[in-house]
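Remarks on the overall topology
Below, each chain spelled out in residue letters.
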Amino acid sequence: MQFSDFGLDRCLMSTVEHLGFTAPTEIQQQAIPAAMQGHDLIASSKTGSGKTLAFILPAIQRLTKNRALSKKDPRVVILTPTRELAKQVFSQLRLFTANTQFKAVLILGGENFNDQVKVLEKDPHFIVATPGRLADHLSQGHFYLNGLELLILDEADRMLDLGFAKQLTQINNAADHRKRQTLLFSATLDHAQVNEFANALLKKPKRIAIGSAYTEHKDITKRFYLADNLEHKEALLQHLLTHENYQQVIIFTATRSDTERLATLLTQQQLSAVALSGELNQAQRNQIMDGFSKGHQKILVTTDLASRGLDLVNVSLVINFDMPKHTEEFIHRIGRTGRAGSQGDAIAFVGPKDWLSFKNVEGLLAQTISFEKIAGLKAKFKGLKPKKSKAKVVNTKEASIDKKTAAKAKKTTKKVFHVAQDVGDMPIIKRKKPLSAQQIENNDIDEE
Ligand code: ADP
Ligand code: MG
């Protein structure tokens, strides 16, 4: 299949050709025609498989073909969970709108509110935004959504995880449902909260799932190392960073404070590292991302703030210094490498605190993972034994008393196990305390 088969406008085709893309990826082959036909979509495909173009192209195409419902209102809103990802999507969009009459603007948390009011007054056709700040402008009447034709949620599941459901619902309710098309994209869209949300927002959605994010990503080689404690992890890290071949590396830690601490430690070891976390102000965040994407540093130490969507071509190695709290973030973290057909390596350290998360990842990937060893840095930690389940106790204790009951108990044990695995595959995140506006605003609330 060729890009020319989609019947896209000439201005879009010339940009595709200019970028040197020869053929559409699988998700593009399926999602572009379906979106062009006006369907709502729930679309998933592995990390780095070109989902951004799969929504940008039909969005611009729609605007070139349809008359606007309103002269003032935005026609397309694209939402992403983090400011860094919104910036990236915006720059892709700008490439394609550059030789059209359409105006696109970027509205992010952490940036000057009044400047954004002025930008919104210019009646842009496209808004790319993070949900919190956009919902604020909507509440204050700085723009209206009656003319909205397309609502696109990139990394939709993550926005829900981060607690943006309220803002997404507010944005959805402000737009006319009858005329509006809605597209949901992510590598991981199969958890219950997404389904519930999709039922409320989407009209007869078409589901497009290219493979499963949990099956092997053939371009990413994974390795796991057992670790005893923090010092041991640091020794492993130093060893790997001085012995591995890589262009650029992203290291994921569990907490914000660890990013800074580790980056300082690596710098002391003459390695070129920089830390990115939600603790920094937006100007600092921009500066760090710009520097790293230009190759000024080799190592970026960050949190799950950067687990989603970022497309940095020179990242050939991802290190999970700590395992992620939310199982599916593992898929997204390692997906920062091995993009668009290139090869990448992913390493993870598994200490006692990471064990539960590691077992969840193992369940998610549906494979038994073995550990690599480095001479002189072998771990004493060998993993934790699973806790005995109640069902198992029933199974062993009562077997001698009543064979029938035992058989039944065994069946139940199996069933319980499967249910547990399913839940592991689809983590439903329930929060005890509602999140503060500041936590949501900072986008990396997963941290301590
Ligand atoms: P995803 O959102 O699925 O993780 P992206 O949209 O970020 O992936 O795209 C990953 C990379 O692939 C980007 O660098 C993008 O420019 C590139 N890309 C997109 N479509 C194609 C294509 N048809 N052929 C080659 N490269 C592509
Ligand atoms: Mg993406």
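Summarised in this report is the structure supplied together with it. (Residues numbered from 1 in each chain as written. Chains lettered and ligands numbered in written order. Predicted model: local features only at pLDDT ≥ 70, side-chain atom pairs only at ≥ 80, totals over all residues. Heavy atoms only, no water.)

On to the overall build of the protein chain, then. Helices and strands together make up the secondary structure of the protein chain, namely 17 helices and 13 strands. Per-residue burial for the protein chain yields a buried fraction of 55% across its 448 residues. In the protein chain, the proportion of contacts linking residues at least 24 apart, taken out of those at least 6 apart, comes to 76%. In the form shown here, the protein chain has an accessible surface area of approximately 21,300 Å², with 52% of it arising from carbon and sulfur atoms. (Helix = DSSP H or I, 4+ residues; strand = E, 2+ residues; numbered from the N terminus. Buried < 20%, exposed > 50% of the residue type's maximum accessible area, 1.4 Å probe, protein only. Contact = heavy atoms within 4.5 Å. Areas by Shrake-Rupley, 256 points an atom, 1.4 Å probe, with all protein chains shown as cover.)

Looking now at the nonpolar core. Membership of the largest hydrophobic core comes to 56 residues, with the highest contact counts inside it found for Leu 57 and Phe 126. When residues of this core are assigned to domains, at least three fall in each of domain 1 (3–209) and domain 2 (222–365). Beyond its immediate sequence surroundings of up to four residues, Leu 57 is in contact with Phe 3, Leu 8, Leu 12, Val 16, Ile 32 and Phe 96. Core analysis: the second largest hydrophobic core is formed by 30 residues, Val 77, Ile 127, Leu 162 and Leu 168 among them. (Core = buried A, V, L, I, M, F, W, Y, C linked by side-chain atoms within 4.5 Å. Domains from an automatic or database assignment.)

Below, the discussion takes up the site of ligand 1. Near ligand 1 lie 17 residues; those nearest to it are Gln 28, Gly 48, Lys 51, Thr 52 and Asp 311. At 2.8 Å, a side-chain N or O of Gln 28 approaches a nitrogen atom of ligand 1. Asp 311 has a polar side-chain atom sitting 2.5 Å from an oxygen atom of ligand 1. Protein contacts shield 86% of the accessible area of ligand 1, which totals 570 Å² for the unbound molecule. By residue class, the composition of the shell around ligand 1 is five nonpolar, eight polar and four charged. When residues of the shell around ligand 1 are assigned to domains, at least three fall in each of domain 1 (3–209) and domain 2 (222–365). (Near = heavy atom within 4 Å. Polar contact = N/O pair within 3.5 Å; in protein donor to acceptor, adjacent residues only side chain to side chain. Nonpolar A, V, L, I, M, F, W, Y, C, P; charged D, E, K, R; others polar.)

Below, the discussion takes up the sheet that holds strand 11 (residues 299–302). Across the sheet, which stays open at both edges, the six strands sit in the order 8-13-12-9-11-10 with parallel pairing between neighbours. With partners counted over all chains shown, the strands left at the sheet margins are strand 8 (220–226) and strand 10 (273–276), one partner each. With strand direction ignored, the average angle separating the axes of adjacent strands in the sheet is 20 degrees. Of the strand pairs in this sheet, strand 9 (residues 248–252) and strand 11 are connected by four bridges, and their pairing is parallel. When the bridges of strand 11 are listed, Phe 252 appears paired with Thr 302. (Pairing = 2+ DSSP bridges. Axes fitted to C-alpha atoms, helices over the stretch in contact; angles between N-to-C directions.)

Here we take up the pattern of salt bridges. For the structure on display, the rule yields 22 salt bridges. Here Lys 222 makes a salt bridge to Glu 216, at a shortest N to O gap of 3.3 Å. A relative accessible area of 18% places Lys 222 in the buried class. For Glu 362, the salt bridge identified is with Lys 359, shortest N-O distance 2.7 Å. (Salt bridge = Lys/Arg side-chain N within 4 Å of Asp/Glu carboxyl O.)

Under the criterion given, the structure shown has eleven aromatic pairs. Relative to Phe 381, the ring of Trp 355 has its centre 5.7 Å away and its plane inclined at 90 degrees; by these criteria the two rings are edge-to-face. Taken together, the residues span a long stretch of sequence, with Trp 355 in helix 14 (residues 355–365) and Phe 381 in the loop between helix 14 and helix 15 (390–399) at a distance of 26 residues. Just as Trp 355 is buried, Phe 381 falls in that class too. Clustering of aromatic rings is evident, with ring pairs tying together Phe 224, Phe 330, Trp 355, Phe 358, Phe 371 and Phe 381. The side chain of Lys 233 reaches across the aromatic face of Phe 321, ending 5.6 Å from its centre. (Phe/Tyr/Trp six-rings, centres within 6.5 Å; stacked < 30°, edge-to-face > 60°. Lys NZ or Arg CZ within 6 Å of the ring centre and 35° of its normal.)

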